[in-house]
Amino acid sequence: MHNIIFYDTKQYERDFFEQELFGKFNIEFKNYELLPETELSYIEENAEIISVFTSSRLTKETLEKFSNLKLILTRSVGFSHIDIEYCNSKNIIVANTPHYGDYTVAEFSFGILLNLIRRICYGVSELKQGDMYPETFGMELYDKTIGVIGTGSIGSKTIKIAKGFSMNVMCYDIYKNPDIENEFNVKYVDLDTLCKLSDVISIHAPLTTTTYHLINAENIKLMNENVIIVNTARGELIDTEALYNALLDGSVRGAALDVLEFEDTISNKRPGSDLNLKNLRTSLINTKLLNLDNVIATPHIAYDTKEAVNRILNTTLKNLFEFVEGLKIQNKV
Ligand code: NAI
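Keep in mind that this is a model prediction, so the values were computed, not measured. (Residues numbered from 1 in each chain as written. Predicted model: local features only at pLDDT ≥ 70, side-chain atom pairs only at ≥ 80, totals over all residues. Heavy atoms only, no water.)

A. Up close: the domain arrangement of the chain. Examined at the domain level, the chain breaks down into domain 1 (3-100 + 306-324) and domain 2 (102-297). One C-alpha centre belongs to domain 1, the other to domain 2, and the line joining them spans 30 Å. With 12 residues of domain 1 at the contact, the number on the domain 2 side is 9 residues. Buried area between domain 1 and domain 2, both sides added, is near 890 Å², and the carbon and sulfur share of it is 40%. Between domain 1 and domain 2 we count 0 salt bridges in total. Inspection of the domain 1/domain 2 interface yields 2 residue pairs in polar contact (both at pLDDT 80 or more). Taken together, the residues of the side of domain 1 that touches domain 2 break down into 3 nonpolar, 5 polar and 4 charged. (Domains from an automatic or database assignment. Contact = heavy atoms within 4.5 Å. Buried area = accessible area lost by both parts, 1.4 Å probe. Salt bridge = Lys/Arg side-chain N within 4 Å of Asp/Glu carboxyl O. Polar contact = N/O pair within 3.5 Å; in protein donor to acceptor, adjacent residues only side chain to side chain. Nonpolar A, V, L, I, M, F, W, Y, C, P; charged D, E, K, R; others polar.)

B. Quick look at the sheet that holds strand β5 (residues 93-95). Here 5 strands make up an open sheet; going across it, the order is β2-β1-β3-β4-β5 and the pairing parallel. Each edge of the sheet is formed by a strand with only one pairing partner; in this case those strands are β2 (26-29) and β5. On average, adjacent strands in this sheet sit at an angle of 15 degrees to one another, irrespective of strand direction. Those strands touched by helix α1 (residues 11-21) are β1 (3-6) and β2, and its axis lies near 175 degrees from that of β2. Against the sheet, helix α13 (residues 306-324) touches β1, β3 (49-52), β4 (71-74) and β5, its axis set at about 165 degrees to β4. (Pairing = 2+ DSSP bridges. Helix = DSSP H or I, 4+ residues; strand = E, 2+ residues; numbered from the N terminus. Axes fitted to C-alpha atoms, helices over the stretch in contact; angles between N-to-C directions.)

C. Inspection of the state of the cysteines at higher detail. Taken as a whole and judged by the stated rule, the model has 0 disulfides. Between C171, a free cysteine, and C195, which holds the nearest cysteine sulfur, the sulfur-to-sulfur gap is 13 Å. Exposure remark for C171: the relative accessible area of 0% places this residue in the buried category. (Disulfide = S-S within 2.5 Å. Buried < 20%, exposed > 50% of the residue type's maximum accessible area, 1.4 Å probe, protein only.)

D. Structural view of the site of the ligand. The environment of the ligand is formed by 24 residues, the closest being S153, I154, D173, T232 and D258. Between a nitrogen atom of the ligand and a side-chain N or O atom of D258, the distance comes to 2.9 Å. Its free accessible area being 870 Å², the ligand has 87% of it covered by the protein chains. Along the lines of polarity and charge, the residues of the shell around the ligand split into 12 nonpolar, 9 polar and 3 charged. (Near = heavy atom within 4 Å. Areas by Shrake-Rupley, 256 points an atom, 1.4 Å probe, with all protein chains shown as cover.)

E. Focus on the packing of aromatic side chains. A complete count under the given rule lists 6 aromatic pairs for this structure. Ring geometry for F110 and F165: centres 5.3 Å apart, planes at 20 degrees, overall stacked. Here F110, found in helix α5 (residues 102-117), pairs with F165, found in the loop between α7 (153-164) and β7 (168-172); they are 55 residues apart in sequence, far enough to count as distant. Given a relative accessible area of 30%, F165 falls into the partly exposed group. Through successive ring pairs, a cluster of aromatic residues spans F6, F16, F17 and F29. Between K157 and the ring centre of Y103, over which it is positioned, the NZ or CZ distance is 5.4 Å. (Phe/Tyr/Trp six-rings, centres within 6.5 Å; stacked < 30°, edge-to-face > 60°. Lys NZ or Arg CZ within 6 Å of the ring centre and 35° of its normal.)

Below you can see the structure in the form of structure tokens.
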């Protein structure tokens, strides 16, 4: 029987996998993340299959401790927490769970956007303190221009929802998808044009070497001063210091963020494992950023619905069975 170790699990995940895999696999559940400093038992070191969430850090250092690893099941779309190059060099297959949360994350992007521009959280908290008429002067989405960066699974749903708000949509992606142009009657533009013309910029590209600090001091200078930036992708796509400065001096009107650059350091459960001077500086700026009135930030929860979690669990199971049955793994990254 194969050994599988599930890291960073919640009770509902343990219940699900126990019911589905009992008697077919030797399973172990850990309620903590797998990190470079995690000490492994003999069983873990020899496991062929592990499953993790995005909060684990599968660096070369972490992975080298596994002597027999053949498959990593990440219960996420993003895989920037896994050293894919190392996995390829060792023939370790990595499988993810794409499409589990296309509407889930797109809906959430509009949730935090509306919350910010209509000052909903602020209004709620003022009312709780007895102020029936707080200052909530806001901005509408109707007839505004949204620039969508990354028109994959989530970006395309974001475009669809934006059309429902009667917004004008433009998009940027390294690959143009003609179906999106035809279905939604939207135009692909270059990144600079998108920055210049958008009232709202919503980011849905993955974190790669080419998207690191995709939004930076240079292209922030091109943006109109009423622009709102929404990021539910990965924090590292934005140069946090440049964004912070722009929010302070008013060259960006607001930011709605579900992800932060080097967000690990904010976790009470786990201080950042790769603290260096640059990361320390980013965490300090994060702290200042979170306290700005024109920022709304949530703790990486855009994916978190019952429906999406069910899809994650079922796709993880499908990836696992494809592997053990020797079939082609459809979601191999
Ligand atoms: P996807 O792979 O379907 O789409 C990504 C799109 O970005 C593709 O069209 C791709 O061509 C484009 N892209 C890649 N490099 C680019 C570049 N340099 N410039 C512009 N576009 C580029 O991915 P999906 O499912 O839409 O997810 C997007 C990201 O959302 C994930 O990578 C993940 O980081 C994030 N995410 C966040 C969640 C949360 O809870 N906050 C949950 C799920 C995903």
